[in-house]
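Residues per chain are reported as follows:
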Amino acid sequence: MASIRFLKLSPTALAALLAGDLDAASAAAGHPLSPFLIEENWLWEIRLDDIRRNPQAADWIARAVIAEPEGVVVGHGGFHGPPDADGVVEVAYTVAPEYRLRGYATAMLAALLARADADARVTAVRASIRPDNIGSRKVIAGFGFRKIGEQWDPEDGLEDVYLRTSKA
């Protein structure tokens, strides 16, 4: 499996990404970030709002993902937020196109599930995936997810919803 680590992005780094200022974002993060993260600025707007509404969200939301030992940003991953009232967290991860099919998504998911399993508040992990996203469906296979339904996402359209009971 690919070796990765997560880099927490402060509100200052998120605001710089949102503004398209890669140098300021990198300085705030303490690590060189990639233009791919600037392209994902729609996400940083949502997550910055999440942190403003609930500062505890910063411990759960998307982080930059660094490949080791190369030290390059290969994507981002995290959760949509802290556990909900039922203890469910929704996982989310994206690999930059130039780094796909190298095991990074699987490494991200494994690390995120370990994070969720280590928190006694988490009862289950949810994943929502477009039916045509074969790659993401392959990534969750073998991690104990089962399809529980479908939903309509305003951004992505129809999504299959999967759930995995936490091991905590």
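The structure we're discussing is the one just above.
The structure displayed is predicted, hence computed values, not measured ones. (Residues numbered from 1 in each chain as written. Predicted model: local features only at pLDDT ≥ 70, side-chain atom pairs only at ≥ 80, totals over all residues. Heavy atoms only, no water.)

1. Digging into the nonpolar core
Logical step 1: Leu9, Leu33, Tyr93 and Tyr104 are the most contacted members of the largest nonpolar core, which totals 51 residues.
Logical step 2: For leucine 33, the contacting residues outside a window of four places in its chain are Leu7, Leu9, Leu17, Leu22, Ala25, Ser26, Ala64 and Val73. (Core = buried A, V, L, I, M, F, W, Y, C linked by side-chain atoms within 4.5 Å. Buried < 20%, exposed > 50% of the residue type's maximum accessible area, 1.4 Å probe, protein only. Contact = heavy atoms within 4.5 Å.)

2. Digging into the packing of helix 1 (residues 11-19) against helix 4 (residues 41-53)
Logical step 1: The contact between helix 1 and helix 4 brings their axes to 9 Å, and the two run at 145°. Like other packed secondary-structure pairs, helix 1 and helix 4 cross with a definite hand, here left-handed. Where helix 1 approaches helix 4, its residues Pro11, Leu14, Ala15, Leu17 and Leu18 are matched on the opposing element by Asn41, Trp44, Glu45, Leu48 and Ile51.
Logical step 2: Taken together, the residues of the contact of helix 1 with helix 4 break down into eight nonpolar, one polar and one charged. (Axes fitted to C-alpha atoms, helices over the stretch in contact; angles between N-to-C directions. Helix = DSSP H or I, 4+ residues; strand = E, 2+ residues; numbered from the N terminus. Left-handed = near helix turned anticlockwise from the far one by under 90°. Nonpolar A, V, L, I, M, F, W, Y, C, P; charged D, E, K, R; others polar.)

3. Brief notes about the pattern of salt bridges
Logical step 1: If you walk through the whole model with that rule in mind, you get twelve salt bridges.
Logical step 2: For arginine 53, the salt bridge is made with aspartate 50, and the minimal N-O distance between the two is 2.8 Å. Note that arginine 53 and aspartate 50 are positioned in helix 4 at a spacing of three residues, about one turn of the helix.
Logical step 3: Residue arginine 53 is classed as exposed on the basis of its relative accessible area of 63%.
Logical step 4: In this structure, the salt-bridge partner of arginine 164 is aspartate 117, at a minimum N-O distance of 2.9 Å. Highlighted residues: arginine 164 in strand 7 (residues 157-165) and aspartate 117 in helix 5 (residues 104-117), separated in sequence by 47 residues.
Logical step 5: Residue classification places aspartate 117 among the buried positions, given a relative accessible area of 18%. (Salt bridge = Lys/Arg side-chain N within 4 Å of Asp/Glu carboxyl O.)

4. Quick word on the sheet that holds strand 4 (residues 88-95)
Logical step 1: Strand order across the open sheet formed by seven strands is 1-2-3-4-5-7-6, with mixed pairing between neighbours. The two strands at the open ends of the sheet, each matched to only one other strand, are strand 1 (4-7) and strand 6 (146-153). For this sheet the average axis-to-axis angle between neighbouring strands, irrespective of direction, equals 30°.
Logical step 2: Sheet topology places strand 4 next to strand 5 (residues 124-129); three bridges connect them, and they run parallel. Across the sheet, glutamate 90 pairs through a bridge with arginine 126, a residue of strand 5. (Pairing = 2+ DSSP bridges.)

5. Some words on the pairing of strand 2 (residues 63-67)
Logical step 1: The element strand 2 is extensively covered by neighbouring structure, given that five of its five residues are classed as buried.
Logical step 2: Two elements, strand 1 and strand 2, share four bridges in a ladder whose sense is antiparallel. Among the inter-strand pairings, isoleucine 4 is bridged to a residue of strand 2, identified as alanine 67.
Logical step 3: Here five bridges tie strand 2 to strand 3 (residues 72-79), and the two strands are oriented antiparallel to one another. Bridge assignment links arginine 63 to a residue of strand 3, and that residue is glycine 77.
Logical step 4: Where strand 2 hands over to strand 3, the hairpin turn is made up of four residues, of which glycine 71 adopts a positive phi near 80°.

6. Comments concerning the environment of isoleucine 148
Logical step 1: If you trace the backbone, isoleucine 148 turns up in strand 6.
Logical step 2: Of the residues examined, isoleucine 148 reaches a relative accessible area of 43% and is grouped as partly exposed.
Logical step 3: In this structure, isoleucine 148 is in contact with Val161, Tyr162 and Leu163, ignoring residues within four places of it in sequence.

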